[in-house]
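Listed here are the chains, written in short residue letters.
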Amino acid sequence: MKYRIEINKKARKFIASQQPKQQKRIIEAIYKLPDGEDIKRLVGYNNVYRLRIGNYRVVYEIHDDVLLIIVVNAGNRGDIYKQL
């Protein structure tokens, strides 16, 4: 099953603000979803997960019924959870 991946404006803006090497690293990790390394479900949320990429975090939702992954936000590890 191949999931379609949508990246919200807030996440795209953060990724665009990073150095090219980091941009590539984050994008590659996103496009490996839903499989990937260091993924955890966020407590208190349904179908919301976080992906750890070094000091960066990507928060995303999985909609299995329509095979869709929505990247809600991306950011530094300390700041990302304050924005949920």
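As the structure is a computational prediction, the values presented were derived from the model and not from experiment. (Residues numbered from 1 in each chain as written. Predicted model: local features only at pLDDT ≥ 70, side-chain atom pairs only at ≥ 80, totals over all residues. Heavy atoms only, no water.)

A few words now on the pairing of strand E4 (residues 56-63). With respect to burial, E4 is a largely interior element, six of its eight residues being buried. Pairing between strand E3 (residues 48-53) and E4: six bridges, direction antiparallel. Opposite arginine 50, over in E4, you have valine 59 as the bridge partner. In sequence, E3 turns back onto E4 through a hairpin of two residues, with glycine 54 there showing a positive phi of about 60°. Pairing of E4 with strand E5 (residues 68-76), which is carried by eight bridges, proceeds in the antiparallel orientation. The residue bridging valine 59 from the neighbouring strand is asparagine 73, located in E5. Where E4 hands over to E5, the hairpin turn is made up of four residues, of which leucine 67 adopts a positive phi near 50°. (Buried < 20%, exposed > 50% of the residue type's maximum accessible area, 1.4 Å probe, protein only. Helix = DSSP H or I, 4+ residues; strand = E, 2+ residues; numbered from the N terminus. Pairing = 2+ DSSP bridges.)

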